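Observations on the model geometry
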Amino acid sequence: MRTETLTSSKKTIVGVQFLFVAFGATVLVPLLVGINPSTALFTAGIGTFIFHLVTKGKVPIFLGSSFAFIAPIIEATKEWGLPGTLAGLTSVSLVYFLMSALVKWQGRHFLNRVFPPVVIGPVIILIGLSLSGSAVDMAKSNWTLAFIALVTAILVLTFARGLLKLVPVICGIITGYIAAVFMKEVNFDPVVAAPWFTNPVSFTTITHFQWAPFLYMIPVAVAPVIEHIGDVYVVSAVAEKDFIKEPGLHRTMLGDGLACLASAFLGGPPETTYSEVTGAMSITKVTSPAVIRISAATAIVFSVIGKLSALLQSIPKAVLGGIMLLLFGTIASVGIQNLVQHKVNMSDTRNVIIISVTLTMGIGGAVLSSNGFTLSGIGLSAIIGVVLNLLLPKTKTTKEEAQEK
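Given the structure is predicted, the values throughout are model-derived calculations rather than measurements.

Moving on: the overall build of the protein chain. Helix and strand content of the protein chain: 21 helices and four strands. Its C-alpha radius of gyration of 21 Å places the protein chain within 12% of the 22 Å reference for a compact globule of 405 residues. Along the first, second and third principal axes, the C-alpha set of the protein chain runs to 80 × 55 × 40 Å. For the protein chain, the proportion of its 405 residues judged to be buried stands at 54%. Of the roughly 17600 Å² of accessible surface on the protein chain, a fraction of 66% belongs to carbon and sulfur atoms. For the protein chain, the distance from the average position of its 26 positive side-chain charges to the average position of its 18 negative side-chain charges is 8 Å.

This is the structure in structure tokens:
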């Protein structure tokens, strides 16, 4: 179903569903690092609106809490406290700003040279597969609930018609939640105790600036910046539009950087492009930026309604895990599609080496660590893919060999 044919009410329902998809990860990060989940929801909504403003409202991307900064924030908080850590997180924006300027200066040629399909394809696959472990960990807490949610979403996606076909995630979560209530897996005490309204802006904000945490966070920002590039390619493929060209990768990076800066000053975690929502867009075929902005507005509303936020947080992680099993696999399939569409020659030894090493390093959980600096996951794998692409000699094509003869 084309987005243009959706009524306002249907767009609202799909927009709320997209927030459900991003909700678990968005509130999980602050819970792990000691930040108020309501603050993370508020900054995610504000950050997404900032991103859409900078990108002319053309790119259907939702920004949420970044997992890449969980360990660095925990360690930095021990050393400099939360206010000092928040000040240090402003350096993340600097990395985005510098990369945005570089892309603006060098243009499309720079991207084609450094991030060709043979590099971007496996990175997109990793974005999906690297998250699969989190999905399984969430699901295995109660496989029965996970499968109820997963099967419901699959059945709705396969057989439903009309509005129902657009909300397989909500259907899966509601069915899983009802089953969890009957299985006595839901604790309503936090919902009862929660206030009706709450202030989402953290009282723990930047009170002073220190160079140490500022410099500490700069290397950590490398991974989400590279992941950002992969995510924009994914969204472009899902929406069947070239967002790298218009509004331009320099604008998407600038928007992400400004969102991170706003989040730091409001007491929230750094923001990043959310692959979970991209997966939901791929499934529902709804790629309207207006729908994403509804998700952002919903996040802000949820952040101030204490009982509603508490109710959402009461959803068992197994239910969310069951849904993620479907969404993350969908993202990986987009990466495979990217390689096929760009006709990457898999009989070329050079391409096989780049793809193989990138995937094995990422899936295997390789970590590069030195003097407090750590690079791992998608960021490390992407850098390795870029380096291999730049260093390995290109295989001559049949046409080039014929010209030499």
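Tallied over the entire structure, the rule returns three salt bridges. Of the charged contacts, one joins lysine 56 and glutamate 246 as a salt bridge, the two residues approaching to 3.5 Å between their closest N and O atoms. Taken together, the residues span a long stretch of sequence, with lysine 56 in the loop between α2 (37–54) and β1 (63–65) and glutamate 246 in helix α14 (residues 244–266) at a distance of 190 residues. Assessed through its relative accessible area of 45%, lysine 56 is described here as partly exposed. Across the salt bridge formed by glutamate 246 and lysine 58, the nearest N and O atoms sit 2.7 Å from each other. Of this pair, glutamate 246 sits in helix α14 while lysine 58 sits in the loop between α2 and β1, placing them 188 residues apart in sequence. Overall, the relative accessible area of 34% leaves glutamate 246 in the partly exposed class. Salt bridges sharing partners connect three or more residues here, namely Lys56, Lys58 and Glu246.

A contiguous nonpolar surface patch, about 570 Å² in accessible area, is contributed by Val136, Trp143, Phe147, Val151, Leu155 and Phe159. By the secondary structure assignment, phenylalanine 147 is in helix α8 (residues 143–159).

Tracing the chain through its elements places leucine 86 in helix α3 (residues 70–88). Classification of leucine 86 as buried rests on a relative accessible area of 0%.

Look at helix α15 (residues 275–284) against helix α18 (residues 317–341): their axes get within 8 Å of each other, and the N-to-C directions meet at 80°. Judged by the angle between their axes, α15 and α18 are roughly perpendicular. Of α18, the residues touching α15 (which contributes Ser275, Glu276, Gly279, Ala280, Ser282 and Ile283) are Met324, Leu326, Leu327, Phe328, Thr330, Ile331 and Val334. Across the contact of α15 with α18, the residue classes break down as eight nonpolar, four polar and one charged.

Right, let's get into unusual backbone geometry. In this structure, the amide linkage connecting glutamate 246 to the following residue, proline 247, adopts the cis form with an omega of 15°. With respect to the helices and strands, the residue proline 247 is situated in helix α14. One non-glycine residue, lysine 56, adopts positive backbone phi at about 60°. The phi dihedral of glutamate 240 is positive, around 60°, even though this residue is not glycine.

In this section: the packing of helix α6 (residues 117–129) against helix α20 (residues 377–391). At a minimum axis separation of 9 Å, α6 and α20 run at an interaxial angle of 165°. Taken together, α6 and α20 sit at an angle that is classed as roughly antiparallel. Considering the relative orientation of α6 and α20, their crossing is right-handed. Judged by residue contacts, Val118, Val119, Val123, Leu126 and Ile127 of α6 engage Ile378, Ser381, Ala382, Gly385, Val386 and Asn389 from α20. Its residues assigned to classes, the contact of α6 with α20 comprises eight nonpolar, three polar and no charged.

So, on to helix α16 (residues 289–304). The end-to-end C-alpha separation of α16 is 24 Å, in line with the 22 Å expected for 16 residues at 1.5 Å each. Here α16 starts with a cap whose side-chain oxygen sits 3.1 Å from the backbone nitrogen of alanine 290, and that cap is serine 288.

Counted by the stated rule, this structure contains three aromatic pairs. The ring centre of tryptophan 196 lies 5.4 Å from the NZ or CZ of lysine 307, which sits over that ring.

Let us now look at α14. At arginine 251, α14 shows its largest kink, close to 45°. Taken from the residues just after α14, glycine 267 is the one with a positive phi, measuring 90°.

Rules and cut-offs
- The numbers attached to residues start from 1 for each chain and follow its sequence in the written order.
- Where totals are concerned, whole chains, interfaces and linings use all residues; where local detail is concerned, this predicted model gives features only for residues with pLDDT of at least 70, and gives and counts side-chain atom pairs only at 80 or more.
- As a rule here, side-chain values come from all non-hydrogen atoms in the structure, and water together with hydrogens is ignored.
- Secondary structure follows DSSP: runs of H or I at least 4 residues long count as helices, runs of E at least 2 residues long count as strands, and numbering of each begins at the N terminus.
- Just to be clear, the radius of gyration here is over C-alpha atoms, and the globule rule we use is 2.2 Å times residues to the power 0.38.
- The buried label applies to any residue whose accessible area, calculated with a 1.4 Å probe on protein chains only, is under 20% of its type's maximum; exposed applies above 50%, and partly exposed to all values in between.
- For the accessible areas, the method is Shrake-Rupley and the probe is 1.4 Å, while residue cover comes only from the protein chains on display.
- Charged-residue counts in this description rest on Lys and Arg as positive and Asp and Glu as negative, His and the chain ends being excluded.
- Note on charges: their place is set at NZ of Lys, CZ of Arg, CG of Asp or CD of Glu.
- A carboxyl oxygen of Asp or Glu within 4 Å of a side-chain nitrogen of Lys or Arg is what we treat as a salt bridge.
- Grouping into patches uses exposed residues only, defined as over 30% relative accessible area, and leaves out salt-bridged ones; the cut-off is 9 Å for like charges and 5 Å for nonpolar side chains (Val, Leu, Ile, Met, Phe, Trp, Tyr).
- Simply put, an axis is a line fit to the C-alpha atoms, just over the touching stretch for a helix, and the angle between two N-to-C directions goes from 0 to 180 degrees.
- Each angle is binned into one of four classes, with values under 35 degrees roughly parallel, values over 145 roughly antiparallel, values of 65 to 115 roughly perpendicular, and all other values oblique.
- We call two residues in contact when some of their heavy atoms are within 4.5 Å.
- Residue polarity is assigned by list, with Asp, Glu, Lys and Arg as charged and Ala, Val, Leu, Ile, Met, Phe, Trp, Tyr, Cys and Pro as nonpolar; anything else, Gly included, falls into the polar class.
- Here a crossing is taken to be left-handed if its near helix is turned anticlockwise relative to the far helix by less than a right angle, and right-handed if that turn runs clockwise.
- Expected helix span is given by 1.5 Å per residue-to-residue step, counting one fewer step than there are residues.
- Here a polar contact is recorded for every N or O atom pair within 3.5 Å, except that within protein the pair must consist of a potential hydrogen donor and a potential acceptor, and residues adjacent in sequence are included only if both atoms are side-chain atoms.
- Pairing of aromatic rings covers Phe, Tyr and Trp, the last through its six-membered ring, and needs centres within 6.5 Å; plane angles under 30 degrees mean stacked, over 60 mean edge-to-face, and all others mean tilted.
- In our convention, an over-ring charge means Lys NZ or Arg CZ found within 6 Å of a ring centre and within 35 degrees of that ring's normal.
- Values of bend correspond, residue by residue, to the angle between axes fitted over the seven residues ending at that residue and the seven starting there.

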